[in-house]
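Structure assessment
Here are the chains, one letter per residue:
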Amino acid sequence: MSERGRPRSFDRSVALQRAMEIFWVNGYDGASLADLTAAMGINSPSLYAAFGSKEALFLEATELYTQVEGTGIWTVLETAATTREAIDGFLRATAKAYSQDGKPQGCLIALGALHPDNSSKAVCTDLRRRRAENLAALKRRFERGVAEGELPKNFDCQAVATFYATVQHGMSIQARDGASHEALLDVANGAMAAWGSLTQQYRA
């Protein structure tokens, strides 16, 4: 017979995974403590004891998301032979990651929290930092293309990286609104149709 008042044991990693999924679906503000504790299989005191606060739980959950979800989106930037192939692969991997069966649609980093007047400032700052890091990864791939002579020396890496990051964010919103994998691929194809214009304008 269990002792009354004894703390309930649980698998912290499993609880964190479930919390990540709740935040992914509902965002920081939309995920209530009741939603979180029900999904995690713990009570509020256990949540606070294990994670400190809802804010700290969200920050840990987004770190887990970064490590385990959609990693192929970013690895293709490094593994593709050319910049064009890298960006095409990036968009196609995005379409796949954002529309997986059995998982929330869209991107937690893009949709988790946008307004610090409603959400925790620390949460919004962290997500903004992660989005900036993603933009920087795109910019580095374009800079590599310039260094390898694939792209013109005067190529505006920042501007074009911002364009494709914005396309990706739009795909996240479309996915959350119910867009299919095929519909997201259409967006990817449209964005790649702009490749010629984006690169040609910098050629002498």
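Rules used in this analysis
- Residues numbered from 1 in each chain as written.
- Predicted model: local features only at pLDDT ≥ 70, side-chain atom pairs only at ≥ 80, totals over all residues.
- Heavy atoms only, no water.
- Helix = DSSP H or I, 4+ residues; strand = E, 2+ residues; numbered from the N terminus.
- Buried < 20%, exposed > 50% of the residue type's maximum accessible area, 1.4 Å probe, protein only.
- Contact = heavy atoms within 4.5 Å.
- Areas by Shrake-Rupley, 256 points an atom, 1.4 Å probe, with all protein chains shown as cover.
- Lys, Arg positive; Asp, Glu negative; His and termini not counted.
- Charge placed at Lys NZ, Arg CZ, Asp CG, Glu CD.
- Axes fitted to C-alpha atoms, helices over the stretch in contact; angles between N-to-C directions.
- Parallel < 35°, antiparallel > 145°, perpendicular 65-115°, else oblique.
- Left-handed = near helix turned anticlockwise from the far one by under 90°.
- UniProt positions renumbered as here; feature names shortened; annotations may be inferred.
- 1 Å grid on protein atoms, 1.4 Å probe; cavity = no way out; pocket = protein on both sides within 12 Å on 5 of 7 lines; lining within 4 Å.
- Points joined across faces, edges and corners; volume = space filled by probe spheres on them.
- Nonpolar A, V, L, I, M, F, W, Y, C, P; charged D, E, K, R; others polar.
- Expected span 1.5 Å × (residues − 1).
- Bend = angle between axes of the 7 residues up to and from the residue.
- Salt bridge = Lys/Arg side-chain N within 4 Å of Asp/Glu carboxyl O.

**Points about the overall build of the protein chain**
When its secondary structure is counted, the protein chain shows 11 helices and zero strands. Mapped in sequence order, the helices and strands of the protein chain form the string α-α-α-α-α-α-α-α-α-α-α. Going through the 204 residues of the protein chain one by one, you find that 42% of them count as buried. In the protein chain, the proportion of contacts linking residues at least 24 apart, taken out of those at least 6 apart, comes to 69%. Accessible surface, the protein chain: about 10600 Å² in total, of which carbon and sulfur atoms supply 52%. Computed over 22 positive and 23 negative side-chain charges, the separation of the two mean positions in the protein chain equals 3 Å.

**Considering the packing of helix 6 (residues 83–97) against helix 9 (residues 157–176)**
For any two helices packed against each other, one specifies the inter-axial angle together with the distance between the axes. Contact geometry for helix 6 and helix 9: axes closest at 10 Å, N-to-C directions at 15°. Relative to helix 9, the element helix 6 is oriented roughly parallel. When you trace helix 6 past helix 9, the crossing you get is right-handed. Taking contact as the criterion, the partners of I87, F90, L91, T94 and A95 in helix 6 are, on helix 9, Y164, V167, Q168 and M171.

**A word on the UniProt feature "DNA-binding region" (unreviewed entry) in the protein chain**
Those places that UniProt annotates as "DNA-binding region" (unreviewed entry) correspond, in this numbering, to residues 32–51. End-to-end, the C-alpha atoms of residues 32–51 are 15 Å apart, and along that stretch the chain is 80% helix and 0% strand.

**Describing the layout of surface pockets**
Empty space within the largest pocket amounts to approximately 340 Å³. In terms of lining residues, the largest pocket is bounded by 23 residues, among which Y65, T66, W74, I109 and N134 are the most central. At the level of elements, helix 4 (54–68), helix 5 (71–79), helix 7 (108–111), helix 8 (121–147) and helix 9 are the ones that each hand at least two residues to the lining of the largest pocket. Residue contributions to the lining of the largest pocket peak at six residues, all from helix 8. When the residues that make up the lining of the largest pocket are grouped by side-chain class, the tally is 10 nonpolar, eight polar and five charged.

**Considering the UniProt feature "domain: HTH tetR-type" (unreviewed entry) in the protein chain**
Sequence positions flagged by UniProt for "domain: HTH tetR-type" (unreviewed entry) are, in local numbering, residues 9–69. Regarding residues 9–69, the helix share stands at 82% and the strand share at 0%, and the terminal C-alpha atoms are separated by 27 Å.

**Here we look at the packing of helix 9 against helix 10 (residues 181–193)**
Closest axis-to-axis distance for the helix 9/helix 10 pair is 10 Å, and the angle between their directions is 165°. With respect to helix 10, the axis of helix 9 lies roughly antiparallel. Where helix 9 crosses over helix 10, the two elements pack in a sense that is right-handed. Packed against helix 9, whose contacting residues are F163, Y164, V167, M171, Q174 and A175, the element helix 10 presents L184, V187, A191 and M192 at the interface.

**Brief notes about the environment of S197**
Inspection of the secondary structure assignment puts S197 in helix 11 (residues 195–200). With relative accessibility at 55%, the residue S197 sits in the exposed group. Expressed as a C-alpha distance, the spacing of S197 and W74, which sit 123 residues apart in the sequence, is 24 Å.

**A short note on helix 1 (residues 12–30)**
Between its first and last C-alpha, helix 1 extends only 22 Å over 19 residues, short of the 27 Å set by a 1.5 Å rise per residue. In the structure, helix 1 departs most strongly from a straight axis at W24, where the bend amounts to approximately 80°. Looking at helix 1, one finds that the buried residues are A15, L16, A19, M20, I22, F23, W24, G27 and Y28.

**Thoughts on the pattern of salt bridges**
Applying the stated criterion across every chain, the model contains nine salt bridges. For D88, the salt bridge is made with R92, and the minimal N-O distance between the two is 3.2 Å. Taken as a pair, D88 and R92 lie in helix 6 at a separation of four residues, close to a single helical turn. Classification of R92 as partly exposed rests on a relative accessible area of 34%. Look at the salt bridges and you will find they share partners, linking E63, D126, R129, R130 and E133 into a network.

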